[in-house]
Amino acid sequence: MKPAAFDYQAPSTLDEAISLLTASDDAKVIAGGQSLMPMLNFRLLAPELLVDIAGIEELRGIEPGKSRGLSVGALTRHHEMETSELVKERFPVISEAMKFVAHLAIRNRGTIGGSISHADPAAELPMMAMLLDAQLTVAGPSGKRTVAAEDFFLGALTTDLEENEILARIDFPGLPKNTHFVFDEFAQRAGDFALCAVAMTLSMGGNFLTGGKKISEARIALMGVDETPIRIKEAEALLVGNKTIDEGLLEQVATIVRDTVQPNADLHASSEYRQYLAYTMSKRSLKKLWAQACGQDE
Ligand code: FAD
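Residues numbered from 1 in each chain as written. Predicted model: local features only at pLDDT ≥ 70, side-chain atom pairs only at ≥ 80, totals over all residues. Heavy atoms only, no water.

When you go through the protein chain residue by residue, the secondary structure sums to 12 helices and 14 strands. Seen through its C-alpha atoms, the protein chain measures out along the principal axes to roughly 65 × 45 × 30 Å. Each of the 298 residues in the protein chain was classed as buried or not, and the buried ones make up 49%. Summed over all atoms, the accessible surface of the protein chain reaches about 14,000 Å², with 51% contributed by carbon and sulfur. Across the protein chain, the mean location of the 29 positive side-chain charges is 7 Å away from that of the 41 negative side-chain charges. (Helix = DSSP H or I, 4+ residues; strand = E, 2+ residues; numbered from the N terminus. Buried < 20%, exposed > 50% of the residue type's maximum accessible area, 1.4 Å probe, protein only. Areas by Shrake-Rupley, 256 points an atom, 1.4 Å probe, with all protein chains shown as cover. Lys, Arg positive; Asp, Glu negative; His and termini not counted. Charge placed at Lys NZ, Arg CZ, Asp CG, Glu CD.)

As structure tokens, this is what we get:
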């Protein structure tokens with residue numbers, strides 16, 4: 001199908017884009033168009049105006065943030081996130097996750113701002129924002145505000161973005177140098193949306209004066225198994241302070257994950273199957289992560 005007729009504007013500044021959105025009763029932002037165009041073609045949406053933000057220079061770029069962090073413009077494409085040396089050095093988990101987003105043609109057009117604003121429950125970048133405690137800068141008619149990722153995702157395809165607001169920048173705060181990362185995803189075919197994905201970080205702290213090395217921080221995020229990407233804080237807390245991860249702890253963590261997620265059933269998998277994936281994949285990922293932390297990459 002073809003979309004219903006719409007007007008089109010391509011502003012070159014953020015202020016201009018917000019003015020155009022505010023002046024119309026029924027405008028939609030378009031960035032990479034990889035989610036919006038199919039919805040227009042199916043006539044699930046028929047806005048009177050499309051405001052194309054792709055030419056706004058201030059929304060571009062991947063820059064180093066404070067203390068090993070990253071500051072990423074909303075127009076940064078999936079493929080840029082996948083191939084950036086800075087991203088690979090600071091957050092290899094993002095580069096790894098990007099390989100699972102659709103196919104190269106889509107990764108070449110789709111943007112981080114579009115993915116996070118669209119908030120598909122099985123999308124990789126919203127999950128990365130949750131895992132890495134991203135701070136999102138949103139610009140609107142009354143100026144700019146910052147929202148933590150954990151307050152941004154309100155439900156499937158639903159975010160904290162208000163009318164006429166544009167997601168401008170995504171800041172990933174740095175993690176200690178001795179942080180290890182893991183990402184794993186299960187989909188029916190390469191490039192499909194995930195049935196379940198797991199991402200974790202493990203930071204080690206301490207020395208012989210403090211009684212040896214211990215887990216100082218742990219994060220566990222999943223997607224595809226709830227209305228939004230989800231952090232499993234109870235399991236994270238259980239890991240902190242441990243000097244080792246044995247079979248018993250692996251089992252405890254995986255059980256908490258399985259009992260926390262609330263997957264929907266759909267054409268592709270039942271709710272129980274997705275819970276089973278969450279259990280198995282979190283156990284396997286944590287085992288792999290611990291081997292990495294011990295210098296024994298599998
Ligand atoms: P657009 O399509 O331009 O916009 C999407 C929505 O976000 C619209 O509502 C738009 O108004 C809004 N928007 C866009 N930018 C902003 C902004 N800066 N501020 C406020 N609102 C904004 N994604 C995955 O994560 N994983 C996958 O496995 C995956 N598989 C796919 C497979 C196919 C076949 C297709 C077509 C898409 C797939 N996608 C997948 C989605 C793809 O990654 C999209 O590119 C992405 O979700 C949206 O980015 P975009 O820049 O194209 O946004």
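So that's the structure; there's more coming.
The next thing to look at is the site of the ligand. Taken together, 32 residues surround the ligand, and among them V29, G33, L36, T111 and E124 come closest. Contact distances for the ligand include 2.8 Å between an oxygen atom and a backbone N or O atom of G33. Here the ligand has 970 Å² of accessible area as a free molecule, and 88% of this is covered by the chains. The set of elements that each furnish at least two residues to the shell around the ligand consists of β2 (27–30), α7 (112–118) and β10 (166–172). For the shell around the ligand, the leading source of residues is α7, giving 5 residues. The residue inventory of the shell around the ligand, partitioned by class, reads 15 nonpolar, 13 polar and 4 charged. (Near = heavy atom within 4 Å. Polar contact = N/O pair within 3.5 Å; in protein donor to acceptor, adjacent residues only side chain to side chain. Nonpolar A, V, L, I, M, F, W, Y, C, P; charged D, E, K, R; others polar.)

Below, the discussion takes up the side chain of D52. Its place among the elements puts D52 in strand β3 (residues 49–52). Among buried charged residues, D52 stands out as having no salt bridge; its nearest opposite-charge side chain is R109, 6.6 Å away. Residues within four places of D52 in sequence aside, it is in contact with Y8, Q9, A10, P11, I30 and A31. (Salt bridge = Lys/Arg side-chain N within 4 Å of Asp/Glu carboxyl O. Contact = heavy atoms within 4.5 Å.)

This part takes up unusual backbone geometry. Phi angles above zero are rare outside glycine, and R43 is one such case at about 60°. When you line up the elements, R43 lands in the loop between α2 (36–41) and β3. Judged by its relative accessible area of 45%, R43 is partly exposed. Located in the positive-phi region is S67, a residue other than glycine, with phi close to 45°.

Moving on, we get to the pairing of β10. Of all the 7 residues making up β10, 6 are buried; the element is thus mostly covered by neighbouring parts of the structure. Bridging between strand β5 (residues 69–73) and β10 involves 4 bridges; their strand directions are antiparallel. Its bridge partner lying in β10, S71 is registered against D171. Examined bridge by bridge, strand β6 (residues 135–140) and β10 share 5 bridges and lie antiparallel to one another. Each residue of the ladder has a partner; that of A139, found in β10, is I166. (Pairing = 2+ DSSP bridges.)

What follows concerns a negative patch on the surface. A grouping of D7, D25, D26, E48 and E163 is seen on the molecular surface, where their side chains present a negatively charged patch. Along the chain, D7 turns up in strand β1 (residues 7–9). (Patch = residues over 30% accessible without salt bridge, like charges linked within 9 Å, V, L, I, M, F, W, Y side chains within 5 Å.)

A separate point is the confidence of the model for the protein chain. Predicted confidence across the protein chain gives a mean pLDDT of 96, with 98% of residues reaching 70 or more. What the predictor reports for the complex is a pTM of 0.96 with an ipTM of 0.98. (pLDDT = per-residue confidence, 0-100.)

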